[in-house]
Amino acid sequence: MSAQDSRDARDAISCRVTVDAPPSSVWRLATSPEGLCRWFAFDGAEVEAVPGGAAAFTWKEHGTYRGVVEQADPGRVFAFRWSLDPGADPLPGRSTRVELRLRPEEGGGTRVELRETGFEDLPLPEGRRRDHAEENTRAWQVGLALLKEAAEADRHT
């Protein structure tokens, strides 16, 4: 393992899920305020799904985390940077980047690949950075399961 591979392993988390729904349906859930509230920001979401667009994700128990959209390729890639701390701007070194890649599957489904990067640059002690990455991994796993459930429910209604 090279030094870069080691940094990448500490800096990024990823998870994936296959959804029995087309990319267009998954895209709506991933990029609209109404959709995001169903699987991610349960207590409120705001998002302008264009590069440079503002975003905000709210959980009553955690607060509101600000974000900025960095990439929006409809039906394919949605990426945003979000703040480490509630109420703070998503500045470099105090935020992570989340990228959702949607890949069509045979039979009309979608493979969703999520990658969050930037943990190594956060101003936290190493152990706390690792804990933050592990917490986010668990949260994204639950979130993607809920995204799958929502998209498949929409497909069958």
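Here, every reference points to the structure presented above.
What you see is a predicted model; the values in this text were computed from it and never measured.

Rules behind the numbers
- Residues numbered from 1 in each chain as written.
- Predicted model: local features only at pLDDT ≥ 70, side-chain atom pairs only at ≥ 80, totals over all residues.
- Heavy atoms only, no water.
- Pairing = 2+ DSSP bridges.
- Helix = DSSP H or I, 4+ residues; strand = E, 2+ residues; numbered from the N terminus.
- Axes fitted to C-alpha atoms, helices over the stretch in contact; angles between N-to-C directions.
- Contact = heavy atoms within 4.5 Å.
- Phe/Tyr/Trp six-rings, centres within 6.5 Å; stacked < 30°, edge-to-face > 60°.
- Buried < 20%, exposed > 50% of the residue type's maximum accessible area, 1.4 Å probe, protein only.
- Salt bridge = Lys/Arg side-chain N within 4 Å of Asp/Glu carboxyl O.
- Polar contact = N/O pair within 3.5 Å; in protein donor to acceptor, adjacent residues only side chain to side chain.

(A) Spotlight on the sheet that holds strand 6 (residues 95-104). Here seven strands make up an open sheet; going across it, the order is 1-7-6-5-4-3-2 and the pairing antiparallel. A strand with exactly one partner marks an edge of an open sheet, and here the two such strands are strand 1 (12-19) and strand 2 (45-47). Neighbour-to-neighbour, the strand axes of this sheet turn through a mean angle of 20°, independent of strand direction. In this structure, strand 1 lies alongside strand 7 (residues 110-117), joined through eight bridges in antiparallel fashion. Note on strand 7: the bridge partner recorded for Ile 13 is Glu 116. Sitting on the sheet, helix 2 (residues 23-31) touches strand 1, strand 2, strand 4 (63-73), strand 5 (77-83), strand 6 and strand 7, and the angle it makes with strand 6 is about 160°. Packed onto the sheet, helix 4 (residues 126-155) meets strand 1, strand 5, strand 6 and strand 7 and runs at close to 15° relative to strand 1.

(B) Up close: the packing of aromatic side chains. Within the structure shown, the criterion is met by 15 aromatic pairs. With a centroid separation of 6.4 Å and 45° between ring planes, the pair formed by Trp 39 and Trp 140 is classed as tilted. In this pair, Trp 39 sits in helix 3 (residues 33-39) while Trp 140 sits in helix 4, placing the two residues 101 residues apart along the sequence. Of the two residues examined, Trp 39 and Trp 140, each falls in the buried class. Between Phe 78 and Phe 80 the ring centres are 5.9 Å apart and the planes differ by 45°, which places this aromatic pair in the tilted class. By the ring-pair criterion, three or more aromatic residues cluster together here, those being Trp 27, Trp 39, Phe 40, Phe 57, Trp 59, Tyr 65, Phe 78, Phe 80, Trp 82 and Trp 140.

(C) Geometry of the pattern of salt bridges. A complete count under the given rule lists 14 salt bridges for this structure. Between Glu 99 and Arg 97 there is a salt bridge whose closest N-O contact spans 2.9 Å. Arg 97 matches Glu 99 in its accessibility class, with the two residues each being buried. Where Glu 135 meets Arg 128, a salt bridge forms, and the shortest distance between an N and an O atom there is 3.5 Å. Given the relative accessible area of 35%, Arg 128 is considered partly exposed. What emerges from the salt-bridge pattern is a single network uniting Glu 70, Arg 81, Arg 97, Glu 99 and Arg 101.

(D) How the structure looks around the environment of Ile 13. By secondary structure assignment, the location of Ile 13 is in strand 1. Between the alpha carbons of Ile 13 and Arg 115 there is a distance of 5.7 Å; along the sequence they are 102 residues apart. Not counting residues up to four positions away in its chain, the partners in contact with Ile 13 are Leu 114, Arg 115, Glu 116, Phe 119, Ala 133, Asn 136, Thr 137 and Trp 140.

(E) Seen up close, the side chain of Ser 25. Note that Ser 25 resides in helix 2. Residue Ser 25 is classed as buried on the basis of its relative accessible area of 15%. At 3.3 Å, the side chain of Ser 25 and the side chain of Arg 28 are in polar contact.

(F) Layout of the environment of Glu 34. As for its position among the elements, Glu 34 is in helix 3. Expressed as a C-alpha distance, the spacing of Glu 34 and Ala 153, which sit 119 residues apart in the sequence, is 15 Å.

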